[in-house]
Amino acid sequence: MAFERLIGQNRVKETLSELFLSGRVGHAYLFNGPEGIGKKSFAKEFAGLVMCPSSSDGKRCGVCECCVLMDNSTNPDYKVIGCGEGKNTVSVETVRNLQDDIVTAPVFSAKKIYVIDTAEKMTEQAQNALLKILEEPPSYAMILLMCNNILSMLGTIRSRVIRIDFSRNTNDEIKEKYEQLCIMQNRKPDVEKTELLCSYADGIMGRVTEFLDSDTLDEKRKAVFNCLKGLLKREIDAKLRMTEIMGNKGTNYEFTLFTMMSFLRDVMIASRFGRKAILQNPDFKEEIGVLGRDIGYYRAVRCLEIVDECYKNLRRNAAPDITIDSMLIQLRES
Ligand SMILES: [Zn+2]
C-alpha cells in the first residue's frame, strides 16, 4: 500500500488506495480536518501515486523522472497554491491564474495536480471561479482542496468533490511520530514528557514537530498561563496581552485556547483535589495550586465553559475579533 511513510489515518489510506486501485480516481477532492492533522502530507503522497506513469500494485515506482522530481519537491506538474504572503484570503485572481495554467498538459507526469491550501479562505468569487473549473476539468487535471472548515465552502463546490475526512490521531500515533522525529533528528526521546506531549498535541500530528522545539513551546505556554492568571486576577493589561498572543484576527486561537483550557482544567482539578490532582501541566504544579486556591472550583468550571464556548463559536466561523474579545471580557468578569 502507498502512504507507508505516513503514520495513522488508516481509513483515509484505505479509501484513497481503493479509489486508485479501482481506477476511479476523480478530478477533485476535499481533504477535511483540523490544521496540522496531516492533510498536505497525504495530498503529496496521493499526488505522487497518481502522477507516476509507471505505478503498479498501488505504489509509485520511485525512479521515473516524475517520482524523482516529486521527491525533490521540484515537479512542475504539482502545484500548491494558497493565500500568498501577507494575505488572509485566496483571491479570485489566484483561481483565475490556475484556470489559465490548467489548460497546458503535464510535462513529466500522468496527471497535473493543484493543491489549494486553506481552501476555506477562498472568497466567494474565488469559489465561483473554481466551480467553473470543476465543471469541466481537463482529463489530466486533479484539484485537491485542503480545508479546515467545511462550512466555509459553497454547497455547489462540496457537491462536486470527493470528501475525505481526517480524524484526530490517537496518543499512540502521536508518540510514534515523536519517536520517528527524534530518530531523524538524532536525539533521545524525553519519556517523562510524553504525557505533556499527548495532551498538548491533542491528536494533531503537526504539533509534535513544534513540541520538539520545546523551548519555544514552554515559552508560549508560560505566556498564555501568565495572561490567563492576569485576566482572572482582573489585571488591567492582561486582556490586551492575551489579544496579542491570539494574533491578528485570532490566527493563533487553536493553540492559545487549547492551552487556556488545559490550564483551566488543571486549576479546576487542583482546587478540588489539592496536591493529589494529576495535572496535564505538571511543570506548573505550584502556580496552578495557588491559582486554584485563589479562584476556587466553581469559577474555574465557569471559565472553562467560557473558553470552550468561544472555541466552538470560532469553529463555526464566528467573527474572530468580536468572539475573542467577548470571551476575554467574560473571563475577567467571571
Ligand atoms: Zn514513478
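Heads up: the structure comes first, above all this text.
What comes next concerns the included structure. (Residues numbered from 1 in each chain as written. Predicted model: local features only at pLDDT ≥ 70, side-chain atom pairs only at ≥ 80, totals over all residues. Heavy atoms only, no water.)

Quick word on the sheet that holds strand β1 (residues 28-32)
Note the cut-off: Strands are labelled as partners when DSSP assigns at least two bridges between them. Numbering of helices and strands starts at the N terminus; helices are DSSP runs of H or I of at least 4 residues and strands are runs of E of at least 2. In this analysis, axes come from line fits to C-alpha atoms, helices being fitted only over the stretch in contact, and the angle between any two N-to-C directions falls in the range 0 to 180 degrees. What makes two residues a contact is simply this: any of their non-hydrogen atoms within 4.5 Å.
Strand order in this open sheet of five strands is β2-β3-β4-β1-β5, and the pairing throughout is parallel. The open sheet terminates on both sides in strands that have one partner only, identified here as β2 (78-81) and β5 (162-165). Pairs of neighbouring strands in the sheet enclose a mean axial angle of 20°, with direction left out of account. As judged from the five bridges shared by strand β3 (residues 112-116) and strand β4 (residues 141-147), these two strands associate in the parallel manner. Within the sheet, the bridge partner assigned to Ile113 lies in β4 and is Met142. Of the strands in this sheet, β1 and β5 touch helix α1 (residues 10-21), which is tilted by about 155° from β5. Most of the contacts of helix α5 (residues 124-135) go to β4, to which it runs at about 140°, and overall it touches β1, β3 and β4.

Examining the layout of surface pockets
The criterion, for reference: Both site types are read off a 1 Å grid over the protein atoms alone. A 1.4 Å probe that fits but cannot get out defines a cavity, while an open set with protein on both sides within 12 Å along at least five of seven lines defines a pocket; lining residues have an atom within 4 Å of a point. Grid points are joined across faces, edges and corners, and a volume is the space filled by probe spheres set on the points.
One number sums up the size of the largest pocket: a volume of about 1,100 Å³. Around the largest pocket, the lining comprises 32 residues; the ones closest to its centre are Lys121, Asn148, Gly250, Thr251 and Tyr253. Elements with a minimum of two residues in the lining of the largest pocket: α9 (206-212), α10 (214-232), α12 (253-273) and α13 (285-315). Broken down by element, the lining of the largest pocket gets its largest block of residues, four residues, from α12.

Thoughts on the environment of Leu231
Relative to the helices and strands, Leu231 resides in helix α10. On a C-alpha basis, the gap between Leu231 and Phe211 in space is 26 Å, while along the polypeptide they are 20 residues apart. In this structure Leu231 touches Ala238, Lys239, Met242, Arg299, Leu328, Leu331 and Arg332, once residues within four positions along its chain are discounted.

Observations concerning unusual backbone geometry
Its identity is not glycine, yet Gln9 carries a phi of approximately 50°, on the positive side. Turning to its location among the elements, Gln9 is positioned in the segment before α1. For Thr118, which is not glycine, the phi dihedral falls at a positive 40°. If you trace the backbone, Thr118 turns up in the loop between β3 and α5.

Details of the pairing of β4
The condition that has to hold: Only protein chains enter the calculation, and the probe is 1.4 Å; a residue is then buried if its accessible area is under 20% of its type maximum, exposed if over 50%, and partly exposed in between. Call a crossover right-handed when, viewed with both strands pointing away from you, the route from the first strand across the helix to the second goes clockwise.
With respect to burial, β4 is a largely interior element, seven of its seven residues being buried. The pairing of β1 with β4 spans five bridges and is parallel. Of the residues in β4, the one forming a bridge with Asn32 is Cys147. Regarding topology, α5 serves as the crossover connection from β3 to the parallel β4, and that connection is right-handed.

Any link to function would need more than the numbers given here.
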